[in-house]
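# Structural overview for review
Each chain, written out:
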Amino acid sequence: MNKCLIVANLKSYQNETEAKNWLESFQKIKELNLDLTQKEIVICPAFTELFSFFSFFSSNNITVRLGAQNVSPFDEGPYTGEVNAKQVKDFAEYVLIGHSERRQNFAETDDMLIKKVAMALKYGLNPIFLVQTQGELVPQDVQVVAYEPVAAIGTGTPDTPENADAVAAVIKSKNNVQVLYGGSVTAENVKSFTAKANIDGVIIGGASLDAEELIKIIQNA
Ligand code: PGA
């Protein structure tokens, strides 16, 4: 059986000082001695903080994985301003691809997302591919899909666990993948999603900015 995947998407928040404060608070997870044998935690900070998170978790012996929130559709080369998969791979094992905020604000198309997935796989990153509906394209060889209905993101109004489970079942019927649910996940509602048969984990945005709330979500998942 796969571990329950708990992915924190810290989005475009946190400068260095804020990231350090977040890490200090998150460190309390060690004192709780949680049983994490069935849970895999993936933290996705901004690119500028990946190195700080990587160093902090390695030197404090905290077993979490790191993810990037985006990756270039290009390989290394003359692409000013892009961060490519080879660079991300130094610090992270996962990468979010296809978040609705990127599709909407940065005009990311299916073609571009397919290229990003190919680059992630080329360098051994595990793409977490985000879809907003059950009908969306999932590129080949993706192993983890996150279903995030746009109306549930950052609104405090999550999808119902029943509907999320039904959507996850449809996605699984078409692709051999694990499916996560994302959209207004909190410590109070997380279990209602992870308890569902077709939901293999969650992705958390807003609530994860509070490290203590994230710890509660991990505990309750
Ligand atoms: P939210 O965001 O938890 O703030 O709704 C989820 C996401 O965008 O990944």
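What counts, and where the lines are drawn
Residues numbered from 1 in each chain as written. Predicted model: local features only at pLDDT ≥ 70, side-chain atom pairs only at ≥ 80, totals over all residues. Heavy atoms only, no water. Helix = DSSP H or I, 4+ residues; strand = E, 2+ residues; numbered from the N terminus. Rg over C-alpha atoms; globule rule 2.2 N^0.38 Å. Buried < 20%, exposed > 50% of the residue type's maximum accessible area, 1.4 Å probe, protein only. Contact = heavy atoms within 4.5 Å. Lys, Arg positive; Asp, Glu negative; His and termini not counted. Charge placed at Lys NZ, Arg CZ, Asp CG, Glu CD. 1 Å grid on protein atoms, 1.4 Å probe; cavity = no way out; pocket = protein on both sides within 12 Å on 5 of 7 lines; lining within 4 Å. Points joined across faces, edges and corners; volume = space filled by probe spheres on them. Nonpolar A, V, L, I, M, F, W, Y, C, P; charged D, E, K, R; others polar. Salt bridge = Lys/Arg side-chain N within 4 Å of Asp/Glu carboxyl O. Phe/Tyr/Trp six-rings, centres within 6.5 Å; stacked < 30°, edge-to-face > 60°. Near = heavy atom within 4 Å. Polar contact = N/O pair within 3.5 Å; in protein donor to acceptor, adjacent residues only side chain to side chain. Areas by Shrake-Rupley, 256 points an atom, 1.4 Å probe, with all protein chains shown as cover. Core = buried A, V, L, I, M, F, W, Y, C linked by side-chain atoms within 4.5 Å. Pairing = 2+ DSSP bridges. Axes fitted to C-alpha atoms, helices over the stretch in contact; angles between N-to-C directions.

### Things to note about the overall build of the protein chain
- Counting secondary structure elements, the protein chain contains 8 helices and 8 strands.
- Its C-alpha atoms give the protein chain a radius of gyration of 16 Å, near enough to 17 Å, the size a compact globule of 221 residues would have.
- Each of the three principal axes of the protein chain carries a C-alpha extent, and together these read 45 × 40 × 30 Å.
- Taking all 221 residues of the protein chain together, the buried fraction comes to 52%.
- Look at the contacts in the protein chain between residues 6 or more apart in sequence, and 69% of them connect residues 24 or more apart.
- Averaging the positions of the 19 positive and the 27 negative side-chain charges in the protein chain gives two centres separated by 3 Å.

### What about unusual backbone geometry?
- A positive phi angle, near 45 degrees, is found at N33, a position not held by glycine.
- On the secondary structure map, N33 appears in the loop between α1 (16–26) and β2 (39–44).
- Overall, the relative accessible area of 67% leaves N33 in the exposed class.
- Phi angles above zero are rare outside glycine, and N61 is one such case at about 55 degrees.
- Among the secondary structure elements, N61 is positioned in the loop between α2 (47–59) and β3 (65–68).

### Things to note about the layout of surface pockets
- Here the largest pocket defines a volume of roughly 330 Å³.
- K11, S12, Q69, N70 and R102 are the residues nearest the centre of the largest pocket, which is lined by 14 residues in total.
- Along the lines of polarity and charge, the residues of the lining of the largest pocket split into 6 nonpolar, 5 polar and 3 charged.

### Description of the side chain of E213
- Tracing the chain through its elements places E213 in helix α8 (residues 211–220).
- Buried charge without a salt bridge: E213, with K216 as the nearest opposite-charge side chain at an N-O distance of 4.4 Å.
- Leaving out residues up to four positions away in the same chain, E213 has contacts with T186, A187, E188 and A207.

### Quick word on the packing of aromatic side chains
- One pass over the structure, following the stated rule, counts 10 aromatic pairs.
- Both rings, one in Y181 and one in F193, keep their centres 4.2 Å apart while their planes meet at 10 degrees; by these two values the pair is stacked. Remark: F193 occurs in helix α7 (residues 190–194) and Y181 occurs in strand β7 (residues 178–182); sequence separation between them is 12 residues. Neither Y181 nor F193 differs from the other in exposure class; each is buried.
- Through a chain of ring-to-ring contacts, three or more aromatic side chains come together here, namely W22, F26, F53, F56 and F57.

### Here's the deal with the site of the ligand
- Around the ligand, the surrounding shell holds 13 residues, and the nearest of these are H99, E148, G154, S184 and G206.
- In this structure, K11 approaches the ligand through a side-chain N or O atom, which is 2.8 Å from an oxygen atom.
- The backbone of G205 places a nitrogen or oxygen atom 2.8 Å from an oxygen atom of the ligand.
- For the ligand, the protein covers 96% of the area, taking 280 Å² as the surface of the free molecule.
- Class assignment of the residues belonging to the shell around the ligand gives a composition of 4 nonpolar, 7 polar and 2 charged.

### Some remarks on the nonpolar core
- Residues W22, F26, I43, F53 and F57 are the most contacted members of the largest nonpolar core, which totals 58 residues.
- Of the residues forming this core, the biggest block, 5 residues, is contributed by α8.
- Setting aside its immediate chain neighbours within four residues, I43 contacts A8, L10, W22, F26, F53, F57, V64, R65, L66, G67 and L214.
- By size, the runner-up hydrophobic cluster in this structure holds 12 residues, among which are V42, C44, L96 and L130.

### A few points about the sheet that holds β2
- Taken together, the 8 strands give a closed barrel; going around it, the order is β1-β2-β3-β4-β5-β6-β7-β8, and neighbouring strands pair in parallel fashion. Across the sheet, the mean angle separating the axes of adjacent strands is 25 degrees when strand polarity is ignored.
- In this structure, strand β6 (residues 144–147) lies alongside β7, joined through 4 bridges in parallel fashion. Following the sheet pairing, V145 is matched in β7 by V179.

So far we have only geometry, and geometry alone does not tell us how the molecule works.
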